[in-house]
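Breakdown of the fold
One-letter residues, chain by chain:
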Amino acid sequence: MSTPDLVVVGSGFFGLTIAERCANELGLNVLVLERRHHLGGNAYSEADPETGIEVHVYGAHLFHTSNEKVWEYVNRFTSFTNYQHRVFGQYAGQVYSLPMNLGLINQFFGKSHTPDEAKALISEQASEIDTADAENLEEKAISLIGRPLYEAFIKGYTAKQWQTDPTKLSADIITRLPVRYNFDNRWFNDKYEGLPVDGYTAWLEKMADHPNIEVRLETDFFDVAEEWKGRVPIVYTGPVDEYFGHSEGRLSWRTVDLEAEVKEVDDFQGCAVMNYNDQDVPWTRIHEFRHFHPERTYISGKTVIVHEYSRFAEDHDEPYYPINTADDREKLLRYRELAKKEPMVLFGGRLGTYKYLDMHMAIGSALTMFENKLRPHFAEGAPLTSGGVDE
């Protein structure tokens, strides 16, 4: 490719959506720069060499959306299974169906409740603390669901997620803790849900499969930035603080450690995801990937499980979830001001905007950036206003 019309930094769903739209709709030559040895960002998956089971390398990815525009768009590249995500949780030697619902309440309290009886029970237990008076995460959670459910299903899990006693975490971290007063145990409530029939990597590769798109793997943008900055428009989806050399301070993230293991059994836990709510169990959950695609044929006697551990990200870790403290928000505002001044650079995606975005949200945001900024610029000559997707 000669000089591209657009450079996209990062090949996750946001970056590939931008690249695909600009190549297909506008006929632009798009150069995608990817630091890793593969495209797809954290959605990348690959077959385990011993079992052939598709493993989501950076943790489980479950596609769901109620956005009709996004659903129509993604179905151009893949069809979806009818998989519906359900999660179970272990606590004190028992397994419960999550999220918290009428089945869990009945099982946990050892008594059958009608929906109204369950609501009254949780309301009574939650009255111990007024939500307006909550000074930390523990008090906030108790004010929402009561102490018994909090101590069983939130306290230990949260302490492991944050590596911090919940009494020392801000009440702002949680806005609500949903309890369903019926037996619905679907994890998501969206209209559409499923997994790509041929896997995530096949889907992502199809998005990038266009003669006008060149993907350069194992290429760090910062090693070649001066070649493109100021010369062509750039859509940057890496960490916004890294782009500016952490000049306003590092933004804080949580990350996960994933340990894969082949077990010599047909089925290890009987479900795709099992949460471990006891604080003395070091991992937060176990994924068993054969359950994501029960329609596939697997070899007998082997399964792949992945233990997931959560912790604060250090400098060289993969960032997963923005922590978004008050200090982080102040830094982010300063980075947004810097972003507006950066010539011909748009910031997008989870890392570029410092927002936790599900896959469908990242795709939707990219479609918005394309329609509102890139199409007007390239098709109509409108000025390209730098900054984030939300600016």
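Residues numbered from 1 in each chain as written. Predicted model: local features only at pLDDT ≥ 70, side-chain atom pairs only at ≥ 80, totals over all residues. Heavy atoms only, no water.

So, the overall build of the protein chain
Scanning the protein chain from N- to C-terminus turns up 13 helices and 17 strands. In terms of C-alpha radius of gyration, the protein chain reaches 23 Å, essentially the compact-globule figure of 21 Å for 391 residues. For the C-alpha atoms alone, the extent of the protein chain along its principal axes is close to 70 × 55 × 35 Å. For the protein chain, contacts bridging at least 24 residues in sequence account for 72% of all contacts bridging at least 6. Carbon and sulfur atoms provide 46% of the accessible area of the protein chain, an area that totals close to 17600 Å². Charged side chains in the protein chain number 39 positive and 62 negative. The centres of these two groups are separated by 3 Å. (Helix = DSSP H or I, 4+ residues; strand = E, 2+ residues; numbered from the N terminus. Rg over C-alpha atoms; globule rule 2.2 N^0.38 Å. Contact = heavy atoms within 4.5 Å. Areas by Shrake-Rupley, 256 points an atom, 1.4 Å probe, with all protein chains shown as cover. Lys, Arg positive; Asp, Glu negative; His and termini not counted. Charge placed at Lys NZ, Arg CZ, Asp CG, Glu CD.)

Quick look at the sheet that holds strand β14 (residues 303-312)
Spatial ordering of the open sheet is given by β7-β6-β12-β13-β14-β11-β15, a layout of 7 strands whose pairing is mixed. Strand pairing shows two members of the sheet lacking a second neighbour, β7 (94-98) and β15 (321-322), which therefore form its edges. Pairing of strand β6 (residues 87-91) with β7 involves 5 bridges; the strand directions are antiparallel. Each residue of the ladder has a partner; that of F88, found in β7, is S97. The sheet strands contacting helix α3 (residues 102-109) are β6 and β7, and the helix crosses β7 at an angle near 155 degrees. Each of β11 (253-263), β12 (273-276), β13 (285-288) and β14 is contacted by helix α7 (residues 155-162), which is oriented at about 75 degrees to β14, the strand it contacts most. (Pairing = 2+ DSSP bridges. Axes fitted to C-alpha atoms, helices over the stretch in contact; angles between N-to-C directions.)

Some remarks on the packing of helix α1 (residues 13-26) against helix α8 (residues 200-208)
Put simply, α1 and α8 touch, their axes get as near as 8 Å, and they point 30 degrees apart. For the pair formed by α1 and α8, the contact residues are F13, L16, T17 and E20 on the first element and Y200, W203, L204, M207 and A208 on the second. In terms of residue class, the contact of α1 with α8 is built from 7 nonpolar, 1 polar and 1 charged. (Nonpolar A, V, L, I, M, F, W, Y, C, P; charged D, E, K, R; others polar.)

Notes on the packing of helix α4 (residues 115-126) against helix α5 (residues 137-145)
Contact geometry of α4 with α5 gives a least axis separation of 6 Å together with a crossing angle of 150 degrees. Between α4, through I122, Q125 and A126, and α5, the contact on the second element is made entirely by I142, S143, L144 and I145. Of the residues belonging to the contact of α4 with α5, the class tally is 5 nonpolar, 2 polar and no charged.

Describing the domain arrangement of the protein chain
Domain boundaries in the protein chain define domain 1 (6-83 + 192-248 + 325-380) and domain 2 (103-173). Look at where the C-alpha atoms of domain 1 and domain 2 centre, and you get two points 37 Å apart. (Domains from an automatic or database assignment.)

Some remarks on α7
Of all 8 residues that make up α7, 6 are buried, and the element is covered over most of its length. Restricting attention to buried positions, one finds in α7 the residues G156, Y157, T158, A159, K160 and W162. Where α7 is buried, its residues meet α5, α6 (147-153), β11, β12, β13 and β14. Just downstream of α7, Q163 is the residue with a positive phi angle, here 55 degrees. (Buried < 20%, exposed > 50% of the residue type's maximum accessible area, 1.4 Å probe, protein only.)

Some remarks on the UniProt feature "domain: UDP-galactopyranose mutase C-terminal" (unreviewed entry) in the protein chain
Under the UniProt annotation, the feature "domain: UDP-galactopyranose mutase C-terminal" (unreviewed entry) is placed at residues 152-356. This span, residues 152-356, is 25% helix and 21% strand, and a straight line between its end C-alpha atoms measures 26 Å. (UniProt positions renumbered as here; feature names shortened; annotations may be inferred.)

Focus: the nonpolar core
The biggest cluster of nonpolar side chains holds 81 residues, and the ones touching the most others in it are F13, F63, V74, Y200, W203 and I363. Ranked by the residues each element gives to this core, the list is headed by α8, at 5 residues. Lining this core are residues from two domains, each supplying at least three of them: domain 1 (6-83 + 192-248 + 325-380) and domain 2 (103-173). Apart from the residues lying within four places of it in its own chain, the contact partners of F13 are A43, Y200, W203, L204, M207, M359 and I363. (Core = buried A, V, L, I, M, F, W, Y, C linked by side-chain atoms within 4.5 Å.)

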